[in-house]
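# Analysis of the macromolecular model
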Protein chains: 2
Amino acid sequence: MTKKEIILTGDRPTGPLHLGHYVGSLANRVKLQNEYDQFVMLADLQALTDHYEQSKQVHDNTLQVALDYLAVGIDPNKSTIFIQSMIPEIPELTAYYMNLVTLNRVTRNPTVKTEIKQKKFGESVPFGFVAYPISQAADITAFKGSLVPVGEDQLPMIEQTNEIVRSFNRIYNCNVLVEAKALIPKVSRLVGTDGKAKMSKSLGNAIYLSDSADEIKKKVMNMFTDPDHIRVEDPGKIEGNTVFMYLDVFDSDVQEIQKLKDHYQKGGLGDVKLKQRLIQVLDDFIRPIRERREEFAKDPQEVMNILKKGTITAQAVAAQTLQEVKQAMGLIYF
Amino acid sequence: MTKKEIILTGDRPTGPLHLGHYVGSLANRVKLQNEYDQFVMLADLQALTDHYEQSKQVHDNTLQVALDYLAVGIDPNKSTIFIQSMIPEIPELTAYYMNLVTLNRVTRNPTVKTEIKQKKFGESVPFGFVAYPISQAADITAFKGSLVPVGEDQLPMIEQTNEIVRSFNRIYNCNVLVEAKALIPKVSRLVGTDGKAKMSKSLGNAIYLSDSADEIKKKVMNMFTDPDHIRVEDPGKIEGNTVFMYLDVFDSDVQEIQKLKDHYQKGGLGDVKLKQRLIQVLDDFIRPIRERREEFAKDPQEVMNILKKGTITAQAVAAQTLQEVKQAMGLIYF
């Protein structure tokens with residue numbers, strides 16, 4: 001049996017996960033865990049780089065995201081789910097890697113530059129935020145991750161990791177660290193309920209995996225459709241119509257959706273009718289997730305045990321890598 | 001009994017220690033260990049920030065500096081001697097502190113700015129080097145150090161530490177971290193054998209605590225004196241005369257030195273005669289240190305045991321601080 005490739009993936013626990021996460025990464029992880037050795041990181045340490053004043057919420061979100069993982073079917077028997085801040089080897093590796101990257105290189109990282117602008121730090125960019133690509137290199141290499149599922153916009157982060165890997169192996173004349181390849185998902189991003197490009201907590205346009213039937217209903221009823229489709233008998237547009245975009249993703253009855261699209265374009269099909277269908281579809285989709293979530297939430301000790309077990313497994317792997325790193329550097333004392 | 005104040009001190013192990021270290025800090029530590037709870041750190045992690053390509057030498061220097069410590073009388077029963085890279089809590093604390101400092105603040109640190117110029121990094125300043133004031137805050141606060149013996153030029157580093165302490169305690173509404181005071185030694189710096197301002201390995205003007213009698217002799221014979229004092233009968237200058245500066249520090253016979261100074265200024269006292277006296281004085285000073293050093297070097301296992309014991313003690317203290325830090329941040333999971 002050949003050794004499985006190792007995947008490192010995870011989320012910054014800045015809030016509960018939503019349908020955008022499901023489409024963009026969670027569905028993929030549920031599949032990938034059958035083929036690969038998958039590490040799923042609750043990246044609380046990274047969340048702190050721009051949420052350090054909300055550390056208690058980061059803690060609580062970590063547990064909420066863990067529930068989301070379990071609810072969607074990330075299986076702790078197949079994936080190693082762990083908490084980043086419980087792995088001291090990650091900041092240790094970061095400390096060694098920080099010397100292999102210049103200040104100029106980090107501040108020129110295109111992803112970091114874009115994010116610094118988006119986050120409106122102004123003159124007050126936290127040093128830890130600037131450092132996070134180096135910390136991310138530690139996340140990936142600690143587990144010798146060779147595959148990292150990321151969006152196109154995150155490619156410079158993988159490149160930064162691989163630069164560190166190559167520098168380390170060259171300077172210390174070894175093959176301890178492993179280069180990573182980006183695994184870019186085929187699925188496109190899910191738009192927000194307001195029709196804006198991206199579903200996100202901060203934009204307030206998200207449907208959460210933990211939303212109740214009532215919340216789903218409310219959010220879908222307020223969903224962006226075709227602003228020119230005022231009366232039922234008017235012809236409506238499909239393009240840019242959020243409700244149809246969601247039906248395309250979540251409604252498996254492709255033929256029926258095609259019929260509805262034709263009807264909508266001709267006129268005579270009201271938004272409310274469409275939205276009622278989507279409410280049903282989304283509730284059918286989210287209900288079992290929500291129910292599994294509630295099931296796990298009833299036994300927080302069991303969830304803690306799962307996280308503890310995953311963290312112990314992850315730490316053993318990271319400790320082995322750190323030992324090899326120190327050996328390559330000649331830094332073993334006793 | 002009131003609790004003793006805690007001192008954090010140490011050296012970057014970039015080479016064996018010399019007389020400059022003795023005068024500037026070691027002598028002081030030997031005294032301070034009787035009055036304070038003193039942690040003495042072998043700062044290998046910090047040495048790597050500008051010696052990452054020489055990691056194996058940093059490892060070896062760490063053990064050499066440990067021998068120097070023991071040889072001069074830093075007593076492992078009074079001081080806790082430990083290896084920085086063996087304390088994972090230091091990079092962990094650094095990771096949390098990095099979010100509390102802005103990139104601008106770190107790059108404007110006057111000590112760091114001066115050192116970046118001195119070290120001629122050019123455009124290639126390692127990120128780890130820029131980060132070292134934050135790492136140093138972790139060193140100090142990990143042990144709740146309230147006194148840090150430093151030179152005037154290091155005052156901005158203490159200020160950076162205290163800014164982090166105040167930010168942390170304010171943001172997380174706690175009193176976990178302790179502000180540090182600089183303990184500025186009265187002793188002035190020892191000039192190098194070439195008469196240059198500072199004794200240092202990189203300037204090649206150092207007399208090491210491990211130097212043999214022959215090495216001491218050779219170095220003193222080449223020492224800078226008064227360049228205008230060419231013939232024995234010429235009057236010589238005391239000011240700027242390295243041999244007299246050393247005699248002032250190491251020769252306890254103050255009256256005799258005053259007589260020699262008078263004679264030298266009048267003329268008729270040759271450099272060689274003076275230097276022979278200094279060779280004797282320095283050898284008398286260094287010989288017992290060198291002998292104790294050789295004694296310890298004969299039993300490397302015993303030295304390792306001392307370092308191991310100190311490191312275990314230090315780690316227990318750092319782990320307690322990290323626990324309090326995480327508690328204040330609400331980041332305890334299990």
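Since we're looking at a predicted model, the values are computed, not measured. One numbering rule holds for all chains: residues counted from 1, following each sequence as written. Each chain gets a letter, beginning with A, and each ligand a number, beginning with 1, in the order they are written. At least 70 in pLDDT is required for a residue's local features to be given in this predicted model, at least 80 for side-chain atom pairs to be given and counted, and no such filter applies to totals for whole chains, interfaces and linings, which use all residues. To obtain the side-chain values, all non-hydrogen atoms of the structure were included, while hydrogens and water were left out.

### Points about the environment of Gly268 of chain A
All names here are of chain A. The criterion, for reference: Helical segments are the DSSP runs of H or I of at least four residues, strand segments are the runs of E of at least two, and each set is numbered from the N terminus. Remark: exposure states derive from per-residue accessible area (1.4 Å probe, protein chains only) relative to the maximum for the residue type, with buried under 20%, exposed over 50%, and partly exposed in between. Only heavy atoms enter the contact rule, under which two residues are in contact if any of them lie within 4.5 Å.
Inspection of the secondary structure assignment puts Gly268 in the loop between helix H12 (254-266) and helix H13 (271-297). A residue is classified by how much of its surface remains accessible, and Gly268, at 38% relative accessible area, is partly exposed. It is 7.2 Å that separates the C-alpha atoms of Gly268 and Pro235, two residues lying 33 residues apart in sequence. Dropping the residues within four chain positions of it, Gly268 is found in contact with Val232, Glu233, Asp234 and His263.

### A word on the relation of the copies chain B and chain A
What counts, and what does not: What sets the superposition is a least-squares fit of C-alpha atoms, and only residues with pLDDT of at least 70 in both copies go into it.
Superposition of chain B onto chain A requires a rotation of 180° combined with a translation of 0.0 Å along the rotation axis, giving an RMSD of 0.0 Å. Here the copies are linked by what is in effect a two-fold axis. For chain B, the smallest separation between a C-alpha atom and the rotation axis is recorded for Pro91 of chain B, amounting to 2.7 Å. Both copies share a contact surface, since 100% of the interface residues of chain B are interface residues in chain A too.

### A short note on the pattern of salt bridges
So the rule is basically this: Salt bridge, as used here, is a side-chain nitrogen of Lys or Arg placed within 4 Å of a carboxyl oxygen of Asp or Glu.
Within the structure shown, the criterion is met by 38 salt bridges over all chains. In this structure, Arg29 of chain B engages Asp11 of chain B in a salt bridge whose closest nitrogen and oxygen atoms are separated by 2.8 Å. Placement of the pair is Arg29 of chain B in helix H1 (residues 19-32) and Asp11 of chain B in strand S1 (residues 6-11), with a sequence separation of 18 residues. The residues Arg29 of chain B and Asp11 of chain B share a single accessibility class, namely buried. When the shortest N-O distance is used, the salt bridge between Arg166 of chain B and Glu159 of chain B registers 2.9 Å. What makes Glu159 of chain B partly exposed here is its relative accessible area of 35%. If you follow the salt bridges from partner to partner, you end up with Asp283, Asp284, Arg287 and Arg290 of chain A in one network.

### Describing the pairing of strand S1 (residues 6-11) of chain A
All names here are of chain A. The following threshold applies: Any two strands are treated as partners once DSSP identifies two or more bridges connecting them. With its strands directed away from the observer, a crossover is right-handed exactly when the path from the first strand over the helix to the second travels clockwise.
Within S1, 5 of the 6 residues are buried, which leaves it mostly tucked inside the rest of the structure. Examined bridge by bridge, S1 and strand S2 (residues 37-42) share 6 bridges and lie parallel to one another. When the sheet's bridge partners are listed, Ile6 is paired in S2 with Asp37. Remark: the S1/helix H1 (residues 19-32)/S2 crossover connection has right-handed handedness.

### Things to note about the interface of chain B and chain A
To be explicit about the condition: Note on terms: buried area is the combined drop in 1.4 Å-probe accessible area of two parts once they are placed together, counting the loss on both. Any N or O atom pair separated by 3.5 Å or less is treated as a polar contact, with the protein-specific requirement of one donor-capable and one acceptor-capable atom, and with residues adjacent in sequence counted only for side-chain atom pairs.
Listed by partner, the interface residues are 54 residues for chain B and 54 residues for chain A. Taken together, the two surfaces of chain B and chain A that pack against each other cover about 4,600 Å², and 67% of this comes from carbon and sulfur. Where chain B packs against chain A, one counts 0 salt bridges. Our count for the chain B to chain A interface comes out at 26 residue pairs in polar contact (both at pLDDT 80 or more). Every element with two or more residues in the side of chain B that touches chain A is listed here: helix H2 (44-51), helix H3 (55-72), helix H4 (89-97), helix H5 (103-107), helix H7 (127-130) and helix H14 (300-329) of chain B.

### A closer look at the confidence of the model for chain A
Short version of the rule: Residue-level confidence of the predictor is what pLDDT reports, using numbers from 0 through 100.
On average, chain A scores 95 in pLDDT, and the residues at 70 or more come to 99%. In the predicted assembly, ipTM is 0.94 and pTM is 0.95.

### Description of H2 of chain B
For H2 of chain B, the buried fraction is high: 7 of the 8 residues fall into the buried class. Residues Asp44, Leu45, Gln46, Ala47, Leu48, Thr49 and Asp50 of chain B constitute the buried set of H2 of chain B.

### A short note on H4 of chain B
Counting buried positions along H4 of chain B yields 9 of 9 residues, so the element is predominantly enclosed. If you check which residues of H4 of chain B are buried, you get Glu89, Ile90, Pro91, Glu92, Leu93, Thr94, Ala95, Tyr96 and Tyr97 of chain B.

### Remarks on the packing of H4 of chain B against H14 of chain B
Residue and element names in this part refer to chain B. The condition is simple: A fitted line through C-alpha atoms serves as each axis, taken over the contacting stretch for helices, and the angle formed by two N-to-C directions is quoted from 0 to 180°. Each angle receives one of four descriptions, namely roughly parallel if under 35 degrees, roughly antiparallel if over 145, roughly perpendicular if within 65 to 115, and oblique otherwise. Each crossing gets its hand from how the near helix is turned against the far one by less than a right angle, where anticlockwise is left-handed and clockwise is right-handed. Three classes are used: nonpolar for Ala, Val, Leu, Ile, Met, Phe, Trp, Tyr, Cys and Pro, charged for Asp, Glu, Lys and Arg, and polar for all others, with Gly counted as polar.
Contact pair H4 / H14: the axes reach a minimum separation of 9 Å and the direction vectors enclose 25°. On the basis of the axis angle, H4 is roughly parallel to H14. Considering how the two elements wind past one another, H4 and H14 form a crossing that is left-handed. Contacts between H4 and H14 involve Glu89, Glu92, Leu93, Tyr96 and Tyr97 on the former and, on the latter, Gln315, Ala318, Ala319, Leu322, Val325, Lys326 and Met329. Looking at the contact of H4 with H14 residue by residue, the class counts come to 8 nonpolar, 1 polar and 3 charged.

### Some points on the packing of aromatic side chains
Rules: Centre distance within 6.5 Å is the pairing criterion for rings of Phe, Tyr and Trp, where only the six-membered ring of Trp is used; planes under 30 degrees apart are then read as stacked, over 60 as edge-to-face, and the remainder as tilted.
This model, assessed by the stated rule, comprises 21 aromatic pairs over all chains. Ring centres 4.7 Å apart and planes at 55° place the aromatic pair Phe168 of chain B and Tyr172 of chain B in the tilted group. By the ring-pair criterion, three or more aromatic residues cluster together here, those being Tyr22, Tyr246, Phe250 and Phe285 of chain A.

### Things to note about the nonpolar core
Filter applied, for reference: Residues grouped as a nonpolar core are buried Ala, Val, Leu, Ile, Met, Phe, Trp, Tyr and Cys residues, joined through side-chain atoms within 4.5 Å.
Membership of the largest hydrophobic core comes to 207 residues, with the highest contact counts inside it found for Tyr97, Phe168 and Tyr246 of chain A together with Tyr97, Phe168 and Tyr246 of chain B. Considering each element in turn, this core owes the most residues, 10 residues, to H14 of chain B. Residue contacts for Phe168 of chain B: discarding those within four places in its chain leaves Tyr97, Leu100, Asn173, Cys174, Val176, Leu177, Val325, Ala328 and Met329 of chain B.

### Some words on the environment of Val176 of chain A
Residue and element names in this part refer to chain A. The topology assignment puts Val176 in the loop between helix H9 (155-171) and strand S5 (181-183). For Val176, a relative accessible area of 12% translates into the label buried. Spatially, the C-alpha atoms of Val176 and Leu322 are 9.6 Å apart, while their sequence positions differ by 146 residues.

### Brief notes about the side chain of Asp44 of chain B
Using the following cut-off: Counted charges follow a simple rule, with Lys and Arg positive, Asp and Glu negative, and His plus the chain ends left uncounted.
Topologically, Asp44 of chain B is positioned in helix H2. Among buried charged residues, Asp44 of chain B stands out as having no salt bridge; its nearest opposite-charge side chain is Lys326 of chain A, 7.2 Å away. Polar contacts involving the side chain of Asp44 of chain B include one to the side chain of Ser85 of chain B, which spans 2.6 Å. The contacts of Asp44 of chain B, once residues within four sequence positions are left out, are Leu331 and Tyr333 of chain A together with Pro13, Val58, Thr62, Ile83, Gln84 and Ser85 of chain B.

### Observations concerning the packing of H2 of chain B against H3 of chain B
Residues and elements named next belong to chain B. It is at 10 Å that the axes of H2 and H3 come closest, and there the two elements cross at 145°. Like other packed secondary-structure pairs, H2 and H3 cross with a definite hand, here right-handed. Contact residues: Asp44, Ala47, Leu48 and His51 in H2; Ser55, Val58 and Thr62 in H3. Per-class residue counts for the contact of H2 with H3 are 3 nonpolar, 3 polar and 1 charged.

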